[in-house]
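Take a look at the letters that make up each chain.
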Amino acid sequence: MSSLRIRWASFLGSFVAVAVGVAVMTAMGLGLAASLGAPARAPERFASSPVVVMGRDTLTVEVQRGPGTALVSKKLAHPHPVDSELIGELRELGQVRLDGAARDAVGVDAPAAAVRELVGDRARVLTGEDRHQADPSAARDAEALVGVDSLLGTAAGVAAFVSVFVTASTFAFVVALRRREFGLLRLVGALPGQVRRLLLGEALAVGLMASTVGCALGSWAAPWLVRALVEGGVAPGWFALPGSASRLSWPLQVAFAVGVLVAVTGAWSASRQAARVGPLEALREASVDTGVMPWSRRMIGFTLLTVGLVLPAWTLGTDPAALLKRKTYVTQPMVLITAVAALAPVLVRPVVRRVRLDRLPGAVGLLIRANASTSVRRTAAVAAPVLVTVALAGSLLGSAATVTGAKAAEAREQTLGQLVVTGEGLEAVPVAGATVSRTAPTAVFVREEGTALIRSDARAVSDVAAFASLTRLPVVAGDVRDLDDRSIVVSEEWERHEVGSWVPVWLGDGTPTRLRVAAVLARGTGANGAYVTSANAPGATFDRLDVRVARGTDAATVASALRSAGGTVRSTSAWLAATHPRTGPQTRLGLLVVLGITLAYAVISLAGTLLMATSARRAELRSLRLAGATRGQVLGVVSGEAALGIGMGALLGGTVAGVNLAGLAVALGRLSAPVGVEVPWGVLAGCVGVCSAVGVGAAVAAAWRSR
């Protein structure tokens, strides 16, 4: 505790980092508690009916589970309506309420037991709070809550990762600054274990205090977070924090425990380094860093580097589509980031020596390069937070933009029409001088390897010849023109995708059938689903017309005639811009939240590290002044070293992001998808600019204060 009181400035960066991390985890945990413990919604459509009879909307299939079997259910693309015969039988039990022309569900004023006995397995019987499942908002709310869970879970995970990273980097630099102190302790008889326990005790005290402050800040910020999620359209309008104290307690307990664990874990490696300090360090005055990379750190760094490079390569060879998934391109870069940060002291010196700062007038450039290359620990500590920020910004935002851009380019390449009509229940409209292809959304289900029921989104085609002339699908085998009522077009993702083979499937309404594979499509970005004829999509409603205007026909006349179909008529480019944006608003919001957390940590770490480092260099700065350096030259040296360290971090972070985006580009090429890497240059420049302003400002402020 005496050490903390005397050296509070050295621990301020770690304290703030842990406190912010715990605050983020607390707020995210409270949001997760609100999502996981969402209150049951009251029924809306049939609120006055004690019983709701809903048409069958799930497909249940038996699959293998180990030595036995289990039943697996999937939502049908076209739920069954409540048939008229059953409605007539229900009227004999009591009053039946209908919702206009919809027959997907009806309300019944009758005893639940009698309704269940009458209905049997012909439909679902809902009572109590389960009646909300018949409301159209039920599916939307469930999907929104899944998005909330994904956003909050990712943000909490990144906060934990970056807080450990920043705390470990800060404690390592603190140990480097206190080597003479630890040498003195060893000189007066302190054992290595006592030095190690001293540093771990300091970390534990910092963790306890910071976690307490962080829990308070997170509890204060949680309502604001919930409001932001609702206003941003991520969460449904009724989303709110739980009122139960038990549901509010576990996020606080978890965040507090994680905060203490983060502080101790971050100091663990530094404590082992401090224990290795010998008594002779008390006599050491040189500022040149030696022994900055013990064998354990080298082993960990190279091991993580191997994993960070081999894992994407293995994924490319076995399942390249996995690299296009958000959970993959959010988590995999962290391994490579940690590896490069661990090896940063090895990389700093050779890179810095290649920077031609000696060309600057006077001795300022020479001093900047010499100080940065000899004080490797300080340069690496400055570069680490910038490395994390730039690498995550480039990897996350770049990967998301690359994947969505590839999907948009894929859709653009596959659409040959000049006009697209969209809307629900589009009617077939004969248009002179134009070719019209009408399609509907549907799905097919297949049992793969006997262990999983897979749902594949599909499109139902009404006119195969018109569809084939208006699309350019990435066919790798067969011919789309061979599609008929007894066949199906599948992608390479399917377990059985040989042309001519028969595949047992369930249609969108759950009807079992066997279809012959007429053509096979490349996997692409995952949007290349199955295609069937409209005869194999009972219950599907047409929602899209692709139109190609014949030469010599007025496009405006064709568009006017198409409006009678009841939909929105747009050019193909306008339709693509509306349906395939670069990045969805919810995805972009989630990634910006993660990036904001990372940037906040970078600012905290940079300010703390440079304030500590510059304050500890008072004797060195006085020597420069005594040697004839002006105040401006001293400030130029300090700010130049900070800028060089930040530039090193940006270079290493950009390299990590480049490796990740290159792997993504290779994956797109292997999937026969359009390859085009999107680099968020504006965001990267903003991150580096913020880090430079904070880092250089903190270094100059500390040097000015110690003048």
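Attention here is on the structure that accompanies the text. Residue indices begin from 1 for each chain and proceed along its sequence in written order. Totals for whole chains, interfaces and linings use every residue, but because this is a predicted model, local features are given only for residues with pLDDT of at least 70 and side-chain atom pairs only at 80 or more, for both listing and counting. Values reported for side chains reflect all heavy atoms of the structure, with hydrogen atoms and water molecules removed beforehand.

Our next topic: the overall build of the protein. For the purposes of this entry, the term helix denotes a DSSP run of H or I that reaches at least four residues, the term strand denotes a run of E that reaches at least two, and both are numbered from the N terminus. Across its full length, the protein holds 20 helices and 16 strands. Overall size of the protein, expressed as C-alpha extent along the three principal axes, is 95 × 65 × 50 Å. For the protein, the residues scored as buried account for 49% of the 707 residues in total. A fraction of 80% describes how many contacts in the protein between residues 6 or more apart in sequence connect residues 24 or more apart. For the protein, the exposed surface amounts to about 31600 Å²; the carbon and sulfur share of it is 60%. Where the 68 positive side-chain charges of the protein centre and where its 49 negative ones centre are 17 Å apart. Think of it in three bands: residues with accessible area under 20% of the maximum for their type are buried, residues over 50% are exposed, and the middle band is partly exposed, with areas taken using a 1.4 Å probe on protein chains only. The contact criterion used is simple: two residues touch if any of their non-hydrogen atoms lie within 4.5 Å. Residue-level accessible areas treat just the shown protein chains as cover; the underlying method is Shrake-Rupley with a 1.4 Å probe. Charge assignment: positive for Lys and Arg, negative for Asp and Glu; neither His nor the chain ends contribute. Every charge is mapped onto a representative atom, which is NZ of Lys, CZ of Arg, CG of Asp or CD of Glu.

Aromatic pairing here means that ring centres of Phe, Tyr or Trp (its six-membered ring) are within 6.5 Å. Orientation follows from the plane angle: under 30 degrees is stacked, over 60 is edge-to-face, and everything else is tilted. Tallying each qualifying case throughout the model produces 1 aromatic pair. Each ring, one from Phe467 and one from Tyr531, has its centre 5.2 Å from the other, and the planes form 45 degrees; the classification is tilted. Residue Phe467 is found in helix H14 (residues 464–470), and its partner Tyr531 is found in strand E14 (residues 530–533); the two are separated by 64 residues along the sequence. When the NZ atom of lysine or the CZ atom of arginine is within 6 Å of a ring's centre and also within 35 degrees of its normal, the charge is said to sit over that ring. A cation over a ring is seen here: Arg438 above Phe542, with NZ or CZ 3.8 Å from the ring centre.

The next subject is the sheet that holds strand E5 (residues 102–109). The strands making up a sheet are joined through hydrogen bonds of the backbone, oriented either antiparallel or parallel. Strand order in the open sheet formed by 4 strands is E4-E5-E1-E6, with antiparallel pairing between adjacent strands. Two strands in the sheet have a free side with no partner beyond their single neighbour: strand E4 (95–99) and strand E6 (124–127). When strand polarity is set aside, the average angle formed by the axes of neighbouring strands in this sheet is 30 degrees. Two strands qualify as a pair provided DSSP detects at least 2 bridges between them. Summarising the sheet, strand E1 (residues 51–54) and E6 pair through 4 bridges and their orientation is antiparallel. Note on E6: the bridge partner recorded for Val52 is Leu126. Sheet contacts for helix H3 (residues 84–91): E1, E4 and E5; angle to E4, the most-contacted strand, approximately 140 degrees. In this analysis an axis means a line fitted to C-alpha atoms, helices contributing only their contacting stretch, and an angle means the value between N-to-C directions, from 0 to 180 degrees.

Before going further, it helps to spend a moment on helix H6 (residues 179–187). Residues of H6 that are buried: Arg179, Phe182 and Gly183. Along the axis of H6, the buried residues cluster in a sector spanning 105 degrees; they form a single face. Positioned one or two residues after H6, Gly189 has a phi angle of 110 degrees, which is positive. Throughout, the arc means that of the directions going from the helix axis to the C-beta atoms.

The next point concerns the packing of helix H13 (residues 376–414) against helix H20 (residues 681–705). As a packed pair, H13 and H20 sit with axes 10 Å apart at the nearest point and diverge in direction by 165 degrees. By the angle between their directions, the pair H13 and H20 is classed as roughly antiparallel. Where H13 crosses over H20, the two elements pack in a sense that is right-handed. On H20, the residues touching Val386, Thr389, Val390, Ala393, Gly394 and Leu397 of H13 are Val683, Leu684, Cys687, Val688 and Cys691. Considered class by class, the residues forming the contact of H13 with H20 number 9 nonpolar, 2 polar and no charged. The scheme is simple: roughly parallel for angles under 35 degrees, roughly antiparallel for over 145, roughly perpendicular for 65 to 115, oblique for anything else. Each crossing is labelled by how the near helix is turned from the far one, with a counterclockwise turn of less than a right angle marking it left-handed and a clockwise turn marking it right-handed. Residues are sorted three ways: Asp, Glu, Lys and Arg are charged, Ala, Val, Leu, Ile, Met, Phe, Trp, Tyr, Cys and Pro are nonpolar, and all the rest, Gly among them, are polar.

The term salt bridge refers to a pairing of a side-chain nitrogen on Lys or Arg with a carboxyl oxygen on Asp or Glu at a separation within 4 Å. Per the stated rule, a full pass over the model turns up 12 salt bridges. A salt bridge links Arg45 to Asp104, with the shortest nitrogen-to-oxygen separation between them at 3.0 Å. With a gap of 59 residues between them, Arg45 in the loop between helix H2 (8–36) and E1 and Asp104 in strand E5 connect regions that are remote in the sequence. When the shortest N-O distance is used, the salt bridge between Arg455 and Asp457 registers 3.4 Å. A relative accessible area of 52% places Asp457 in the exposed class. A single salt-bridge network, built from bridges that share partners, covers Asp57, Lys75 and Arg124.

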